[in-house]
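Overview (structure and organization)
Each chain is listed here by its residues.
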Amino acid sequence: MYEKGRDLAAAFVRKQVSRRELIQRASQLGLGVAATSFFVNQAMTQAMAADFDWQKFKGTNLKLLLNKHPYADAMIADLDNFKSMTGMNVTYDIFPEDVYFDKVTAALSSGSSEYDAFMTGAYMTWTYGPAGWIEDLNEYIQDAGRTNPNYNWDDVLPGLRASTAWNGVPGGELGSADAKQWCIPWGYELNNISYNQKMFEKAGVKPPKNLPEMVETSAKLTKDLGGPYGIGVRGSRSWASIHPGFLSGYSNYGQRDFTVTDGKLKAAMNTKESKAYHELWVKMIQDSGPKNWSTYTWYQVGTDLGAGASAMIFDADILGYFMNGGDNKEKGNIGYAPFAANPSASAPTPNVWIWSLALSSYSNQKDAAWYFMQWASSVEHDLFGARKMDFVNPVRASVWKDEEFRGRIDKSYPGYLEQHDTSAPGAKIYFTAQPLFFDLTTQWAETLQKMVAKEVPVDEGLDQLAASVDKQLKDAGLGG
Amino acid sequence: MALTDSVRSGMTTATPHAQTATRRPGRHRLTRRALPYLLSLPALLVCIGILIPFFTAVYYSMMRFRLNLPMMKGFIWFDNYISFLSDAAFWNTMSISLLYAFVTVTGELILGLGIALLLVRPTRINNAVSIMLLLPLMTAPALAALMWKLMTNPNFGILSYLVGLLGFTDFRWASDPSTALLTVVLVDVWVYTPFIMILLLAGLRSLPKQPFEAAALDGVPRSFVFFRITLPMLMPYIITASLFRLLDSIQQFDIVYSMTQGGPGDTLMVFQVQSYLEFFQYTNVGRSAALLIVLWAITYALSNLFIKHWLKLRERAHGPA
């Protein structure tokens, strides 16, 4: 039965057997879903190994630094395949997100060679890259001797490839021809609406189409539901409060964080349009946000939706995805909708968070570590994660076309595919890449907190913010 | 018998050593001279271990040093410190840190002293209660902060519910700039009052009984006894407890960071939180180090002040040393 199962899986991977046939014949052989998945995954790994010398670094020990995340869980579940295919051993340290990036900064800034590769966000590479802590991966991707011919780098969504590449010039366009590929996109999230369908039905409202509608709908939900609040967005004093819903809406109004003239940056948060956008955003939180909004991170935003404490969130789509499963109170009640904040915009323009893999410059076995990275970001592993685990959102176009993956999502997460497919073409990083990203964006969040607390009027707050940002840019030699 | 034997054998083994020493007096003298240095060597090594990071921080504080702008790295002497003078954010950090330290230590002293006075008689119940009251001190401050964050949650927190019953239906605790300081101070007071209480309780129980007995015989009012006898005699303990707490509160990090990350706005941006953000998030090593050196200077000045006062009190009580 074992041999027959393997042969069947191999035939499926060679596309000699259809999915329906695979399921039928597997059940005739008495194979369960788990066993069939195992054989298919093994056959895919073997197929992957056919055209490339994966055993080149046999016996090497790699060490990874990972964040506790479903992406890491999916990789760990599939790791034995990598080990058997390459003969390498892989160990890892895994930390919760609260302390993860401190650990990365400590490891890299001390020049430690302990970790060969690690998980990162694209924004972090704007610090790690110029500091010389991580490798430009273009050299690896374009080297046929080091990269599997079936790797298919172009299959990775173009917005994500560009968003993880920067030439290191403050204000330089992401993905420009001279950009360095600082990391490989692994999984990503874009920002849209996730909402509680039962609550929307009860209040007799539909998912809002734009920000003025969102302000109204949230207020009605807060008033009519008598308990849950209308809209969940992040508010903690951190750059992470700016990048999800807030910046997605901001960019949809055509607004930027900076203007770049002759290589010099200037704050652009205090334009007339930006002030109007901030007014709406602040009003929405004051009227219909959580009472302790200024302490809200992604965690509170997500769990409130899952627990039925909020009716809607404008945040990462995968947050809504995870709140629709597990043992969440509102499991099965969450719906999804694309969202273009600007009433005159033709499509959503969500800012994205991209969990990526980066290669440490201090690693003593960079080529071997690159083998791991290309396996972990391969079509095969991406497919495994998307079909069998919670590896959403996958970064490869081919995986988004996979029928099994789409079928699984469509069945349990109604509206999720639609929101993604509508938004993905406009999804990318809308921040201006520059080294003071974390300082200045945190200050932006701080100003937003002051506006919501009515400590400063929106108009005045944004002028003060822009003046302070310009001064810091000038002090750092980046401003005019 | 056995003892006699061992003493005898000890004497016999000691004899050759004594002979060698008489034979080589120069070497013996050298060992004797080196002994004090050898004995103090571990302390010296520990001292060096402490001073190296300190002087490294001083050195970094005089540099323009951002990890992500390596081209700009350079020695700038006191520019980081000079820039603080005109930086409103720095002065905000300074005033918040001092205010936080003052309010928490005052609150903890008053409460700690009050509880210690209530528990001063060493009865079984009092001893059991004093042990139970130590429980918050055994909670990690970051965990205590998370616990309070849940208790003050406006949706389901027990404290929000209780203040709601008192008519404060929209009390936003750490989320509101006007009540954020109060909220983190409450957590600090909850965690650290037992520390003050246990020190003062030990002090109270060790005070001589005669002055109190004499006052009781003379029918001196209780308030007079407290302000003129108990408090002055307890002062060295109060100063010691306050010094420990003051040094700790001015360096507060975990409670404030866990509850608000220094917000809302910059309401709770104390030194340690600002310095942590400067290094770990903004990778601005120079500014982060300069902030910590300023904090060290404040701490050093305050501890000197307290210790001098404490020595004066001791001198008054026991005469000059």
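Everything quoted here is computed from the prediction, not taken from an experiment.

So, the overall build of chain B
In terms of helices and strands, chain B carries 13 helices and 2 strands. In terms of its C-alpha atoms, chain B occupies a principal-axis envelope of roughly 90 × 75 × 40 Å. The buried share among the 321 residues of chain B stands at 31%. The long-range share in chain B, meaning contacts at least 24 apart out of those at least 6 apart in sequence, stands at 69%.

Some thoughts on the overall build of chain A
The secondary structure content of chain A amounts to 21 helices and 11 strands. Rg of the C-alpha trace for chain A: 23 Å, near the compact-globule value of 23 Å for 480 residues, within the 12% margin. The principal-axis extent of the C-alpha atoms belonging to chain A is close to 70 × 55 × 35 Å. Taking all 480 residues of chain A together, 53% fall into the buried category.

Here's the deal with the packing of helix 20 (residues 437-452) of chain A against helix 21 (residues 458-475) of chain A
Residue and element names in this part refer to chain A. It is at 10 Å that the axes of helix 20 and helix 21 come closest, and there the two elements cross at 160°. When the axis of helix 20 is compared with that of helix 21, the two are roughly antiparallel. Seen from above, helix 20 lies across helix 21 with right-handed handedness. Between helix 20, through Asp439, Leu440, Gln443, Trp444, Thr447, Lys450 and Met451, and helix 21, the contact on the second element is made entirely by Val458, Gly461, Leu465, Ser468, Val469 and Gln472. Here the contact of helix 20 with helix 21 is built from residues that sort into 6 nonpolar, 5 polar and 2 charged.

Some thoughts on the interface of chain A and chain B
Between chain A and chain B, the residue contacts involve 27 residues of the former and 25 residues of the latter. Sorting the residues of the side of chain A that touches chain B by element identifies helix 5 (97-109) and helix 20 of chain A as the ones contributing at least two each. Here the side of chain A that touches chain B gets 6 residues from one element, more than from any other, and that element is helix 20 of chain A. For the side of chain A that touches chain B, the per-class residue count stands at 8 nonpolar, 12 polar and 7 charged.

A look at the nonpolar core
Considering soluble globular proteins, one finds that nonpolar side chains tend to be buried as a cluster. Core analysis: the largest hydrophobic core is formed by 188 residues, its most contacted members being A:Ala117, A:Leu357, A:Ala358, A:Phe372, A:Met373 and B:Leu200. At 11 residues, the largest contribution of residues to this core is made by helix 8 (residues 180-205) of chain B. When residues of this core are assigned to domains, at least three fall in each of domain 2 (54-189 + 354-425) and domain 3 (190-351 + 430-475) of chain A. Other than its neighbours up to four places away in sequence, A:Leu357 contacts A:Ala117, A:Met119, A:Cys183, A:Ile184, A:Trp186, A:Met373, A:Ala376 and A:Ser377. The next biggest cluster of nonpolar side chains, apart from the first, holds 6 residues, and it includes A:Leu8, A:Ala9, A:Phe12 and A:Phe39.

Digging into helix 13 (residues 298-307) of chain A
Residue and element names in this part refer to chain A. With 7 of 10 residues buried, helix 13 lies mostly within the body of the structure. Residues of helix 13 that are buried: Trp298, Gln300, Val301, Gly302, Asp304, Leu305 and Gly306. Taken together, the buried residues of helix 13 touch strand 6 (184-196), strand 9 (312-316), helix 14 (317-323) and strand 10 (334-337). The positive-phi residue at the C-terminal boundary of helix 13 is glycine 308, with phi of around 80°.

Some details on the environment of A:Ala77
Residue and element names in this part refer to chain A. Tracing the chain through its elements places alanine 77 in helix 4 (residues 70-86). Taking the number of C-beta atoms within 10 Å as the measure of exposure, alanine 77 has 15 and is therefore partly exposed. Sequence separation of alanine 77 and phenylalanine 384 is 307 residues, and the distance between their C-alpha atoms is 9.7 Å.

Quick look at the packing of helix 10 (residues 211-225) of chain A against helix 12 (residues 272-288) of chain A
Residues and elements named next belong to chain A. Where helix 10 meets helix 12, the closest approach of the two axes is 9 Å, and the angle between their N-to-C directions is 10°. Classified by the angle their axes make, helix 10 and helix 12 are roughly parallel. Of the residues in helix 12, those in contact with Leu211, Pro212, Met214, Val215, Ser218, Ala219, Leu221 and Thr222 of helix 10 are Leu280, Lys283, Met284, Asp287 and Ser288. Across the contact of helix 10 with helix 12, the residue classes tally to 8 nonpolar, 3 polar and 2 charged.

Digging into the domain arrangement of chain A
Along its sequence, chain A is carved into domain 1 (2-47), domain 2 (54-189 + 354-425) and domain 3 (190-351 + 430-475). The C-alpha-based centres of domain 1 of chain A and domain 3 of chain A are spaced at 45 Å.

Focus on unusual backbone geometry
Each neighbour pair has its own omega, and for A:Val392 with A:Asn393 the value is 0°, a cis peptide bond. Relative to the helices and strands, A:Asn393 is located in the loop between helix 16 (379-388) and helix 17 (397-400). Even without being a glycine, A:Asn152 presents a positive backbone phi close to 55°. Position of A:Asn152 among the secondary structure elements: in the loop between helix 7 (138-141) and helix 8 (158-163). At B:Trp77, a position not held by glycine, the phi torsion is positive, near 50°. Summarising the element assignment, B:Trp77 is placed in the loop between strand 2 (74-75) and helix 3 (79-85).

A look at the environment of A:Leu265
All names here are of chain A. If you trace the backbone, leucine 265 turns up in strand 8 (residues 264-267). In this structure leucine 265 comes out as buried when scored by C-beta crowding, with 24 C-beta atoms within 10 Å. Considering only alpha carbons, one finds leucine 265 and lysine 283, 18 residues apart in sequence, at a separation of 30 Å.

Brief notes about the confidence of the model for chain B
All names here are of chain B. Here chain B shows a mean pLDDT of 90. Residues at 70 or above account for 91%. Long-range and interchain partners of residues 1-15, a stretch whose pLDDT sits below 50, account for 0 contacts in this model, where long-range means more than four residues apart. The ipTM for the predicted assembly is 0.85, set against a pTM of 0.88.

Quick look at the pairing of strand 10 of chain A
All names here are of chain A. Burial of strand 10 is two-sided: the residues Ile334 and Tyr336 facing one way and the residues Gly335 and Ala337 facing the other way are all buried. As defined by bridge partners, strand 6 adjoins strand 10 across 4 bridges and the pair is classed as antiparallel. Directly across from tyrosine 195, in strand 10, lies its bridge partner glycine 335.

Some thoughts on the pairing of strand 11 (residues 352-359) of chain A
Residue and element names in this part refer to chain A. In terms of residue burial, strand 11 counts as a mostly covered element, since 8 of its 8 residues are buried. On strand 11, burial covers both faces: Val352, Ile354, Ser356 and Ala358 on one face and Trp353, Trp355, Leu357 and Leu359 on the other are all buried. Summarising the sheet, strand 3 (residues 117-121) and strand 11 pair through 5 bridges and their orientation is antiparallel. Of the residues in strand 11, the one forming a bridge with threonine 120 is serine 356. Pairing of strand 6 with strand 11, which is carried by 6 bridges, proceeds in the antiparallel orientation. Paired with tyrosine 188 across the bridge in strand 11 is isoleucine 354.

Thresholds, definitions, all that
- Residues numbered from 1 in each chain as written.
- Chains lettered and ligands numbered in written order.
- Predicted model: local features only at pLDDT ≥ 70, side-chain atom pairs only at ≥ 80, totals over all residues.
- Helix = DSSP H or I, 4+ residues; strand = E, 2+ residues; numbered from the N terminus.
- Buried ≥ 20, exposed ≤ 12 C-beta atoms within 10 Å, placed from the backbone.
- Contact = placed C-beta atoms within 7 Å.
- Rg over C-alpha atoms; globule rule 2.2 N^0.38 Å.
- Axes fitted to C-alpha atoms, helices over the stretch in contact; angles between N-to-C directions.
- Parallel < 35°, antiparallel > 145°, perpendicular 65-115°, else oblique.
- Left-handed = near helix turned anticlockwise from the far one by under 90°.
- Nonpolar A, V, L, I, M, F, W, Y, C, P; charged D, E, K, R; others polar.
- Core = buried A, V, L, I, M, F, W, Y, C linked by C-beta atoms within 7 Å.
- Domains from an automatic or database assignment.
- pLDDT = per-residue confidence, 0-100.
- Pairing = 2+ DSSP bridges.

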